[in-house]
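# Geometric and topological summary
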Amino acid sequence: IPTTAYRPIQALPDTLISQIAAGEVVERPASVVRELLDNALDAGASQLQLRLLAGGIRHIVIEDDGRGMPAEDLALSIHRHATSKIRSLDDLESVMTMGFRGEALAAIGSVSELRITSRTADSANAMMLDASSGEMEPAARSVGTTVEVKELFFSTPARRKFLKSETTELGHCIEAVRRHALARPDVDFAVWHGGKLQYQWRGPELSRAQEPDHGVDAAGFFEGLTETFKEVERAQWDRRIADVMGAEFMEYSVPVDHQEAGVHVYGRAGMPTHSRNRADQQYCFVNGRYVREKTIAHAARSAYEDVLHGHRQPVYVLYVEIDPHQVDVNVHPTKIEVRFRDGRLVHSAVRHALEKAIAPSRATTASAADV
Ligand code: ADP
Ligand code: MG
């Protein structure tokens, strides 16, 4: 089309709008996995099963034992900007759920064959929704939700071309599960690929983690979270970190636990001797959400500054808990970035937490260097 020719403005059709918007949320199978895991956790699930075929390109199924959706909600769940998680801007400021934008299912549905089967505790049977036809029919399953995503990007070949090999895509999917598994040691995770069990991370027989009902004040919930941390024993976090990160990391890492100005930082920090060439094992969670955030990354780097040389990268799993009003999670469609109201507070808390934790091993590194 010659660029000089006049072309009238036209409103885009709905499907195209969704497909364009989907680009922000769904980049590859792992993005689907991340969104569906978020949804299952938001629904209070304590057991999650993920089944993949061909690195998730052909087939992704996530089954949860969460509270499910009644038929009316099921029909709405695939609409753009339809969510049960916020009602107002106020809610957004204190949001503690993983989701709130009401975009994921709509996005996924516009670039795949999507089917959702869901049942709540007070319905006699499940309902299955076919997203492309919008049709619903009764189905069998226990309380909870199954989301099935087939042939990702089948209708958008341009995007499909950007996918890497099945092995690479599988790796990204598993990485997404690792992050969720680290965030929630109270939940059971199982990952299958091509019918073979790949990973299983078991949670303890704990009561379901609470999630705020709509309208619960955030301060109250924040206390609740701190309580949860106390209840969920240190041992439980350590066990999950060990399961996901491996025994070697446990051997060469030290516990982190530090409170400062309303910021609680805990987790495990690798000893300086256990550094890596790449920053690929730095896990950071803010109020249970996996994030990549500059302030925290910088604080961590400064804590290791004197003990790591050149481009060596520390390994850590850090959980930062902070009043949700202090965090803006609505910065990026995938919510992997967050913004802090007072970055200095968080920087200082993270830096001190790590310095305190690795201090004994700093001493040994320093004296070893002296020799
Ligand atoms: P968001 O998570 O931002 O609300 P989604 O598009 O991911 O948006 O999901 C839309 C809605 O569908 C959610 O708000 C929730 O009410 C419902 N939903 C999605 N997945 C599940 C699930 N696994 N169990 C129960 N409800 C779900
Ligand atoms: Mg969601």
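Residues numbered from 1 in each chain as written. Chains lettered and ligands numbered in written order. Predicted model: local features only at pLDDT ≥ 70, side-chain atom pairs only at ≥ 80, totals over all residues.

## A word on the overall build of the chain
Each helix and strand in the chain was counted, giving twelve helices and 15 strands. Looking at the chain residue by residue over its 371 residues, the buried ones come to 39%. Contacts spanning at least 24 positions in sequence make up 70% of the contacts within the chain whose residues lie at least 6 apart. (Helix = DSSP H or I, 4+ residues; strand = E, 2+ residues; numbered from the N terminus. Buried ≥ 20, exposed ≤ 12 C-beta atoms within 10 Å, placed from the backbone. Contact = placed C-beta atoms within 7 Å.)

## Examining the site of ligand 1
The local shell around ligand 1 holds 22 residues, among which N39, A43, T83, G99 and A104 are the closest. Those elements giving two or more residues to the shell around ligand 1 turn out to be α2 (29–42), α3 (71–77) and α5 (104–110). Residues belonging to the shell around ligand 1 are distributed by class as follows: seven nonpolar, nine polar and six charged. (Near = placed C-beta within 6 Å. Nonpolar A, V, L, I, M, F, W, Y, C, P; charged D, E, K, R; others polar.)

## A short note on the pairing of strand β7 (residues 188–193)
Bridge count for strand β1 (residues 47–53) against β7 is six bridges, and the pairing is parallel. Paired with L52 across the bridge in β7 is H193. In this structure, β7 lies alongside strand β8 (residues 196–201), joined through five bridges in antiparallel fashion. Bridging across to β8, F189 finds its partner in W201. Here β7 folds back onto β8, and the loop between the two strands holds two residues, one of which, G194, carries a positive phi near 55°. (Pairing = 2+ DSSP bridges.)

## A few points about the domain arrangement of the chain
Splitting the chain by domain gives domain 1 (14–201) and domain 2 (218–370). Each partner contributes residues to the interface: domain 1 has 17 residues there, and domain 2 has 23 residues. Secondary-structure elements contributing two or more residues to the side of domain 1 that touches domain 2 are α1 (14–25), α4 (89–93) and α7 (166–183). Tallied by class, the residues present in the side of domain 1 that touches domain 2 amount to ten nonpolar, one polar and six charged. (Domains from an automatic or database assignment.)

## Re the sheet that holds β7
Taken in spatial order, the eight strands of this open sheet run β5-β4-β3-β6-β2-β1-β7-β8, and their pairing is mixed. Strands at the two margins of the open sheet, each flanked by one partner only, are β5 (136–139) and β8. Averaged over all neighbouring strand pairs, the angle between strand axes comes to 15°, with direction disregarded. Direction of pairing for β1 relative to strand β2 (residues 59–64): antiparallel, over a ladder of six bridges. Residue pairing for β2: Q49 is matched across the bridge by E63. Most of the contacts of α2 go to β2, to which it runs at about 10°, and overall it touches β1, β2 and β6 (144–150). Helix-sheet contacts for α7 involve β1, β7 and β8, and the interaxial angle to β7 is about 175°. (Axes fitted to C-alpha atoms, helices over the stretch in contact; angles between N-to-C directions.)

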